[in-house]
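For reference, the chains in residue letters:
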Amino acid sequence: MRTVLIQLPETVFSALRKNPEEFIQEMRIAAAVKWYELGDISQAKAAEIAGLTRAEFINALSRYQVDFMQYNAQELAQEVANVD
């Protein structure tokens, strides 16, 4: 695993009422949720980025009010076509 140094002003941690470690974890989750919502990454990759299991990531999606199923028009058409 690679460690990346992120410099943040001391004042940002109070915004979410979290200590620095909790704040960074929440940043990871928020980024993963948004990238998943945009369709940039898969659910599995998003969970990995967030440092969560898939089940925990699905719960995070709910907390952020993001649907756990993300389909584009073509994927949705394929799903509908495969229904018996």
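Whatever comes next refers back to the structure up there.
Residues numbered from 1 in each chain as written. Predicted model: local features only at pLDDT ≥ 70, side-chain atom pairs only at ≥ 80, totals over all residues. Heavy atoms only, no water.

Asker: So, the overall build of the protein: which residues are in play, and what are the values?
Answerer: When helices and strands are counted, the protein shows 4 helices and 0 strands. Going from the N terminus to the C terminus, the protein shows its helices and strands as α-α-α-α. A compact globule built from 84 residues would reach a C-alpha radius of gyration of about 12 Å, whereas the protein, at 16 Å, exceeds it by more than 25%. Dimensions of the protein, computed from the C-alpha atoms along their principal axes, are close to 55 × 25 × 20 Å. Considering the protein as a whole, with its 84 residues, one finds that 19% of them fall into the buried category. At a minimum sequence separation of 6, the contacts of the protein that also span at least 24 residues come to 33%. Within the structure as shown, the protein displays about 6,700 Å² of accessible surface, and the carbon and sulfur contribution to it stands at 54%. Charge centroids of the protein, computed over 8 positive and 12 negative side chains, lie 6 Å from each other. (Helix = DSSP H or I, 4+ residues; strand = E, 2+ residues; numbered from the N terminus. Rg over C-alpha atoms; globule rule 2.2 N^0.38 Å. Buried < 20%, exposed > 50% of the residue type's maximum accessible area, 1.4 Å probe, protein only. Contact = heavy atoms within 4.5 Å. Areas by Shrake-Rupley, 256 points an atom, 1.4 Å probe, with all protein chains shown as cover. Lys, Arg positive; Asp, Glu negative; His and termini not counted. Charge placed at Lys NZ, Arg CZ, Asp CG, Glu CD.)

Asker: How would you sum up the packing of helix 1 (residues 20-37) against helix 2 (residues 43-50)? Please name residues and give values.
Answerer: The interhelical angle for the contact between helix 1 and helix 2, taken along N-to-C directions, is 165°, at an axis separation of 8 Å. When the axes of helix 1 and helix 2 are compared, the pair comes out roughly antiparallel. Crossing of helix 1 over helix 2 shows right-handed handedness. Side by side, helix 1 and helix 2 meet where Gln25, Arg28, Ile29, Ala32, Trp35 and Tyr36 of the first sit next to Gln43, Ala46, Glu48, Ile49 and Ala50 of the second. (Axes fitted to C-alpha atoms, helices over the stretch in contact; angles between N-to-C directions. Parallel < 35°, antiparallel > 145°, perpendicular 65-115°, else oblique. Left-handed = near helix turned anticlockwise from the far one by under 90°.)

Asker: Can you tell me about the nonpolar core, naming the residues and giving the values?
Answerer: In this structure, Ile29, Ala32, Val33, Tyr36, Ile41, Ala46, Ala47, Ala50, Phe57, Ala60, Leu61 and Val66 together form the largest nonpolar core, which totals 12 residues. If you list the elements that add at least two residues to this core, you get helix 1, helix 2 and helix 3 (54-63). Here the element with the most residues in this core is helix 1; it accounts for 4 residues. Ignoring any residue separated from it by four or fewer positions in sequence, one finds Ala50 in contact with Gln25, Arg28, Ile29, Ala32 and Phe57. (Core = buried A, V, L, I, M, F, W, Y, C linked by side-chain atoms within 4.5 Å.)

Asker: Account for a nonpolar patch on the surface, naming residues and giving values.
Answerer: Residues Ile58, Phe68, Met69, Tyr71, Leu76 and Val80 make up a contiguous nonpolar surface patch of roughly 560 Å² in combined accessible area. Assignment of secondary structure puts Tyr71 in the loop between helix 3 and helix 4 (73-81). (Patch = residues over 30% accessible without salt bridge, like charges linked within 9 Å, V, L, I, M, F, W, Y side chains within 5 Å. Salt bridge = Lys/Arg side-chain N within 4 Å of Asp/Glu carboxyl O.)

Asker: With reference to specific residues and values, describe the environment of Leu16.
Answerer: Mapped onto the elements, Leu16 comes out in the segment before helix 1. The exposure class assigned to Leu16 is partly exposed, which follows from its relative accessible area of 43%. Taking the C-alpha atoms as reference, Leu16 lies 9.1 Å from Glu26; in sequence the two are 10 residues apart. Setting aside residues no more than four positions away along its own chain, Leu16 makes contact with Phe23 and Glu26.

So yeah, pure geometry; function would need other evidence.
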